[in-house]
Amino acid sequence: MHQLSGKEFQIGLTMSGAISAGAYTAGVVDFLVEALECWEQARAADENGSVPNHRVGIKVISGASAGAITAAIGAIALAEKSESKSFATAGFVYRYTLQKLYDSWVVRSTLDSGDASVRDFLVLDDLDTRPPATADFSRTSAVPFPGKNDPIPVASLLNSRLLDEIAAQAIAVEQVEGPRPYVSATLHIYLTLSNLRGVPWTLPFSGGDYHMISHGDRAHYVLSGVGSWATSSDFADHDPSAKLDIGTIASAAARDQWKDYAVCALGSSAFPVGLAPRLIGARPREDYDGRRFPSADIARIDNLKPQWPPAVEAENPFWFTCADGGIIDNDPFEYARFTLKDKATDAGLPWDLDSADRAVVMISPFPEPKPIRNEGEPAIDIVSLFSSLMPSLIDQARFKPSELALAVDPDHGSRYLIGPRRVVGGKLQRYGIASGLLGGFGGFVARAFRDHDYQLG
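Our subject in this report is the structure included herewith.

## A closer look at the overall build of the chain
The helix and strand tally for the chain stands at 11 helices and 14 strands. In terms of overall dimensions, the chain is globule-like: its C-alpha atoms have a radius of gyration of 22 Å, near the 23 Å expected for 457 residues. For the chain, the C-alpha atoms occupy an extent of roughly 70 × 60 × 55 Å along the three principal directions. Classification of the 457 residues of the chain by burial places 48% in the buried group. For the chain, the accessible surface area stands at approximately 21900 Å², while carbon and sulfur atoms represent 57% of it. Charged side chains of the chain number 42 positive and 56 negative; the gap between the two group centres comes to 1 Å.

## A short note on unusual backbone geometry
The phi angle of most residues is negative, glycine excepted, and most peptide bonds adopt the trans form. The peptide bond linking Asn316 to Pro317 adopts the cis configuration, its omega dihedral lying at 5°. Among the secondary structure elements, Pro317 is positioned in the loop between α7 (310-313) and β10 (318-322). Between Glu377 and Pro378 the backbone carries a cis peptide bond, its omega angle lying at -5°. With respect to the element layout, Pro378 can be found in the loop between β11 (358-363) and α9 (382-397). With phi around 55°, Ile19 is a residue other than glycine that occupies positive phi space. Relative to the helices and strands, Ile19 resides in the loop between β1 (8-15) and α1 (22-45). If you check the backbone angles, Asp324 has positive phi at about 65° while not being a glycine.

## Overview of the pairing of strand β9 (residues 278-282)
Across the 5 residues of β9, 4 count as buried, placing the element largely inside the fold. Bridge count between β9 and β10: 5 bridges; the pairing is antiparallel. From the neighbouring strand, Ala282 faces β10, where its bridge partner is Phe318.

## Looking at the packing of aromatic side chains
For the structure shown, the criterion picks out 16 aromatic pairs. An angle of 40° between the planes, with centres 6.3 Å apart, marks the rings of Phe318 and Phe320 as tilted. Taken together, the ring pairs connect Phe87, Tyr94, Tyr96, Tyr102 and Tyr454 into an aromatic cluster. Against the face of Phe137 rests Lys259, its NZ or CZ located 5.5 Å from the ring centre.

## Some details on helix α8 (residues 333-340)
Of all 8 residues in α8, 8 are buried, a share of seventy percent or more. Buried residues of α8: Phe333, Glu334, Tyr335, Ala336, Arg337, Phe338, Thr339 and Leu340, and no others.

## Examining the environment of Ala42
Of note, Ala42 is situated in helix α1. Classification of Ala42 as partly exposed rests on a relative accessible area of 32%. Taking the C-alpha atoms as reference points, Ala42 and Pro52, separated by 10 residues in sequence, lie 9.5 Å from one another.

Calculation notes
- Residues numbered from 1 in each chain as written.
- Predicted model: local features only at pLDDT ≥ 70, side-chain atom pairs only at ≥ 80, totals over all residues.
- Heavy atoms only, no water.
- Helix = DSSP H or I, 4+ residues; strand = E, 2+ residues; numbered from the N terminus.
- Rg over C-alpha atoms; globule rule 2.2 N^0.38 Å.
- Buried < 20%, exposed > 50% of the residue type's maximum accessible area, 1.4 Å probe, protein only.
- Areas by Shrake-Rupley, 256 points an atom, 1.4 Å probe, with all protein chains shown as cover.
- Lys, Arg positive; Asp, Glu negative; His and termini not counted.
- Charge placed at Lys NZ, Arg CZ, Asp CG, Glu CD.
- Pairing = 2+ DSSP bridges.
- Phe/Tyr/Trp six-rings, centres within 6.5 Å; stacked < 30°, edge-to-face > 60°.
- Lys NZ or Arg CZ within 6 Å of the ring centre and 35° of its normal.

Printed below as a string of structure tokens:
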């Protein structure tokens, strides 16, 4: 193995909200890890210097909704031993490298398992029984657990306890493998959250205070032990975070911390009405004071503090209901971009193709054009307006031309977009993804859809 040149190319992964099409995002991550593993093996076996000898490393992963699930599980999957596996069915060959990602997105996530002993989204036990606290992922560990006789609310159309089981299996790691050289020793994970309670801010002006409430929240985790690549971030290293060592994932003493990590990912993916919201608890001063925002104008300000009412100051913990991080920020591109910056106040990343040494790669499973409503729609009655509001908010959360326009510039080397593209018989197909029907829930109908999208990724 020849000596590394010392040059690096830093990658920040951003994963959009995608509901069941998260299977595609998971497939992209699986392929990226397989490729980086093959590169490391080729470098180790190289004797004549023919293999590129610079480091390509993953420094940060940000995700919203289904992207948050993939980010959280994918980071843990990196800590386990991985090997390429394949199987054939109906004349097709399917393969995967990261077992946890494949099991979570393809095997387990289904509306109807066809087996009464296997949980699916249509089981009704969430309506009449409550699991014990140890098996409950509806809230982080510090949020009060309901009493024995408290009513059980109808929280969603689908039984989200399937996601609880998937989360529990994701953080069940029996043996941690050695750290991967192409993953940062301090891997930053940003998961967007929609804080329905809100965080109050007051800005003092000479003519009077200006009050506002923010609902765009996030969980910031720093995972150590997954990788061994030594790197730093002016933005993310100074942003308040919860730190987790992958070596503690099997420890009973750290179970609550890892459970909270999983609940934050589930909260980000809690698609309104379809999937149950989650209750996220945090101590206000520890988790909000000094928080940094991905804006060059205020990124270095570390004394930003919300103005909590006295009643909230007395709460321990402060907790809120979270329903889908994708409502507010469906493409958390900026958290990845700012983590990659040398200085948080820099205008941008090096972008010239000859000098770019870092890039944000955004994985977005829904590239198809979305038609606008017909003339006169929605009608002006209350029901029509209300039913159109949520889809409009989600569409607007995905509209980020300032972040995506440069990805299409062939001369710009600091940002890229990966989306599904399906070619049959040499012809580009209108629909690149199988899970897009039913507003993105279609992949839960059939494993064949999820398998297709995972392989496509």
